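Descriptive structure summary
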Amino acid sequence: MQTIPNMPTPHIGLEKESVVIFSLLAVAGLLIDLFAHRADKPISVKAAALWSLFWIAVGSLFGAFLWYHFSKEVASLYFAGYAFEMAISVDNLFAIMAVFSWFGISSGYTHRVLYWGVLGAVVFRLIFVLIGTSLFSLGAYIEIVFAIMVALSAFLMMKKKENTGISDFSNHPAYKFVKFFVPVYPKLVGHNFFVSNSHVQEELKKEENKHIDLKRKGLVYATPLFLCLAIVETSDVMFAFDSVPAVIAVSKDPFIVYSCMIFAILGLRSMYFILDALKNALVYLEKAVIVLLFFVAFKLAAAASLHLTGYGLDIDVYTSLIVIVVTLFVGIVSSLLFAPKK
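Residues numbered from 1 in each chain as written. Predicted model: local features only at pLDDT ≥ 70, side-chain atom pairs only at ≥ 80, totals over all residues. Heavy atoms only, no water.

Let's talk about the nonpolar core
F62, F84, F103, F263 and L293 are the most contacted members of the largest nonpolar core, which totals 100 residues. In terms of nonpolar packing, the next biggest core, distinct from the first, is built from eight residues, V189, V195, I212 and L214 among them. (Core = buried A, V, L, I, M, F, W, Y, C linked by side-chain atoms within 4.5 Å. Buried < 20%, exposed > 50% of the residue type's maximum accessible area, 1.4 Å probe, protein only.)

Some points on the packing of aromatic side chains
For the coordinates displayed, the defined rule picks out 22 aromatic pairs. When the centroid spacing of 6.0 Å and the interplanar angle of 25 degrees are considered together, the rings of Y78 and Y82 count as stacked. A residue pair is termed a helical-turn pair when its members lie 3 or 4 positions apart in one helix, as Y78 and Y82 do in helix 3 (residues 72-103) at four residues. By relative accessible area, Y82 is classed as buried at 9%. Centroid distance W102 to F103: 4.8 Å. Interplanar angle 85 degrees. Geometry classified as edge-to-face. In this structure W102 comes out as partly exposed when scored by relative accessible area, which is 30%. You can call F103 buried: its relative accessible area is 13%. Among the aromatic side chains, those forming a connected cluster through ring pairs are F22, F62, F65, Y78, F79, Y82, F255, Y258 and F263. (Phe/Tyr/Trp six-rings, centres within 6.5 Å; stacked < 30°, edge-to-face > 60°. Helix = DSSP H or I, 4+ residues; strand = E, 2+ residues; numbered from the N terminus.)

Here's the deal with the environment of I212
When you line up the elements, I212 lands in the loop between helix 7 (197-204) and strand 2 (220-222). Placed 122 residues apart in sequence, I212 and S334 show a C-alpha to C-alpha distance of 49 Å. If we ignore the near neighbours within four places in the chain, the residues touching I212 are Y185, P186, K187 and L204. (Contact = heavy atoms within 4.5 Å.)

Details of the packing of helix 3 against helix 11 (residues 317-338)
The description of two packed helices rests on the angle between their axes and on the distance between the axes. Closest axis-to-axis distance for the helix 3/helix 11 pair is 9 Å, and the angle between their directions is 30 degrees. Classified by the interaxial angle, the pair formed by helix 3 and helix 11 is roughly parallel. Helix-helix and strand crossings are classified by hand; for helix 3 and helix 11 the assignment is left-handed. In this structure, helix 3 contributes K72, E73, S76, L77, F79, A80, A83, F84 and A87 to the contact, and helix 11 contributes V317, Y318, L321, I324 and L328. Grouping the amino acids of the contact of helix 3 with helix 11 by side-chain chemistry returns eleven nonpolar, one polar and two charged. (Axes fitted to C-alpha atoms, helices over the stretch in contact; angles between N-to-C directions. Parallel < 35°, antiparallel > 145°, perpendicular 65-115°, else oblique. Left-handed = near helix turned anticlockwise from the far one by under 90°. Nonpolar A, V, L, I, M, F, W, Y, C, P; charged D, E, K, R; others polar.)

So far we have only geometry, and geometry alone does not tell us how the molecule works.
Written out as structure tokens, the structure is:
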């Protein structure tokens, strides 16, 4: 393999103006979203599409700021990570759909669970990004480890069989963890994650709830909506083990990685409702994600080889961005044109 000089990746650090702009855009967007969805009403595909465009606009606005404030290369790193995070998050959204289905969560409450799930992801992603970027700084051998992890994720996605039924989430570790510490009331009570003992006693007086036998009693009870949230949060943490190394492979600057991941995650709540409607149509999108994961694994391995032996390949950000965009475009278009009819 031809030896190619290693080009340094730009690092912008925690530049004050960038942190302020990022925080203002993220918080303002969340407040607007929270105010618009304060009622527990189902979200139509049309409304979800408009909200997805809103979040893409917010994320793109920050990317434009990076272009103006720093350079085209910094903005390209951000947009490459943003597109990649959006793409590989699709598989996690499909897993979340199965959780909602098993718990029987209506579409009016899914946005509430996703909203709190995103707030948890904001915290956990920060922890994972700081750890991941710190590990990358230790040298090329860590790049090899991360390349293996990303490639393994791609292989597992290839091996994954089609779901023939809904998993039994009562055996999920998060489900058992919550039940160990807090008694559970087995029925939804509006959009509440928890209900008081007095509220539960009032519910039990209703004729339709006479059959409910509470195995444990307490001052506060968790509802199925909170159990659902606990599983969604756990799923996102496990998913971060795959997504964070993959995005860091595009840019090792912690702030660029974190900002692109957060803006992508914020938009995924609205995209969930689009994917729920199109889950049987986007059959080749997951295959496109698998291709991208193998590309990232190759990028990491080739860069590690270059650092260790002097022979290898350091794929620049512009090439990475082109590969990501083209692969996703081909996956989506192929799904829309050649999806098998059911």
